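# Understanding the architecture of this molecule
The chain contents come next:
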Amino acid sequence: IHERLVGSEMCIRDRYKVIGDFSKIEEYVKNCPDAKLKAQVEAIVKKYYKGDYSRLASYKGEAAAVEGWGKGGAIQYELSLTVEQLERLGLLREIN
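Not measured: the values here are computed from a predicted model. In this convention, every chain numbers its residues from 1, walking through the sequence in written order. Restriction of local features to residues with pLDDT of at least 70 applies here, the model being predicted, together with a cutoff of 80 or more for giving and counting side-chain atom pairs; totals for whole chains, interfaces and linings are based on all residues. Note: side-chain values were computed over all heavy atoms of the structure, leaving out hydrogens and water.

### Considerations on the overall build of the chain
Each helix is a run of DSSP H or I of at least 4 residues and each strand a run of E of at least 2, with the numbering of both proceeding from the N terminus. Each helix and strand in the chain was counted, giving four helices and five strands. Helices and strands appear in the chain in the N-to-C order β-α-β-α-α-β-β-α-β. Between buried and exposed lies partly exposed: a residue is buried under 20% and exposed over 50% of the maximum accessible area for its type, with that area taken using a 1.4 Å probe on protein chains only. A total of 96 residues make up the chain; the buried ones form 28% of that total. Any two residues having at least one pair of non-hydrogen atoms within 4.5 Å are treated as being in contact. Within the chain, counting contacts between residues at least 6 apart in sequence, those at least 24 apart form 64% of the total.

Structure follows, in structure tokens:
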């Protein structure tokens with residue numbers, strides 16, 4: 001279960017700033033006042049990552065070129081939770 005922010009398509013419409021510490025994501029979840037969000041994230045971690053928050057990794061890299069779509073080079077992120085979940089946890093913020 002991953003959400004991708006890929007090159008030109010997502011970057012033109014939506015830009016996000018990291019405002020939290022992803023290395024402390026378990027603390028963000030444990031301290032989350034939104035019980036529904038907390039339960040959703042805990043269920044994801046249990047089901048897909050065997051309850052191990054250290055496996056809830058995010059990756060950053062350069063997008064490869066795709067014939068007929070783009071020449072690549074944009075920064076791409078692969079996230080283990082959705083952007084909405086990460087925003088609600090206080091890890092990301094949308095910027096204009």
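### What to know about the nonpolar core
What tends to happen in soluble globular proteins is that the nonpolar side chains get buried as a cluster. Here the nonpolar core consists of buried residues drawn from Ala, Val, Leu, Ile, Met, Phe, Trp, Tyr and Cys, with membership extended through side-chain atoms lying within 4.5 Å. Membership of the largest hydrophobic core comes to 17 residues, with the highest contact counts inside it found for Ile-25, Val-41, Leu-56, Leu-81, Leu-86 and Leu-89. Elements that contribute at least two residues to this core include exactly helix H2 (25-30), helix H3 (35-49) and helix H4 (83-89). Here the element with the most residues in this core is H3; it accounts for five residues.

### Focus on the pattern of salt bridges
Any carboxyl oxygen of Asp or Glu that lies within 4 Å of a side-chain nitrogen of Lys or Arg is treated as forming a salt bridge with it. Per the counting criterion, the structure on display carries three salt bridges. In this structure, Glu-26 and Lys-30 form a salt bridge, with 3.3 Å as the shortest nitrogen-oxygen distance. Within this pair, Glu-26 and its partner Lys-30 are both found in helix H2, separated by four residues, close to a single helical turn. Overlapping salt bridges, with partners in common, bring together Asp-34, Glu-84 and Arg-88 in one network.

### Considering H3
Along its 15 residues, H3 runs 20 Å from first to last C-alpha, staying within 8% of the 21 Å computed at 1.5 Å per residue. Turning to H3, its buried residues number three or more, namely Leu-37, Val-41, Ile-44, Val-45 and Tyr-49. Projected down its long axis, H3 carries its buried residues within an arc of 95°, all on one side. Counted as exposed and oriented over 90 degrees from the buried face of H3: Ala-35, Lys-36, Lys-46 and Lys-47. Capping the start of H3, Asp-34 holds a side-chain oxygen 3.1 Å from the backbone nitrogen of Lys-36, two or three residues further along. Multiplying one less than the number of residues by 1.5 Å gives the expected span of a helix. An arc is given here, and it is the one of the directions from the helix axis to the C-beta atoms. Each polar contact in these results corresponds to two N or O atoms within 3.5 Å; when the atoms are within protein, one needs to be able to donate a hydrogen and the other to accept it, and residues that are neighboring in sequence are counted only if both atoms are side-chain atoms.

### Structural notes on unusual backbone geometry
The residue Lys-50 is not glycine, and still its phi comes out positive at about 55°. Its location among the elements puts Lys-50 in the loop between H3 and strand E3 (59-62).

### Quick word on the confidence of the model for the chain
pLDDT is a per-residue confidence score from the predictor, ranging from 0 to 100. Mean pLDDT for the chain: 82, with 85% of residues reaching 70 or above. Scored below 50 in pLDDT, residues 1-13 makes 34 contacts in the model with residues more than four places away or belonging to other chains.

### Quick look at the side chain of Gln-85
Its place among the elements puts Gln-85 in helix H4. On the accessibility criterion, Gln-85 (8% relative accessible area) is buried. When near neighbours in sequence (up to four residues on either side) are disregarded, Gln-85 contacts Leu-37, Gln-40 and Ile-44.

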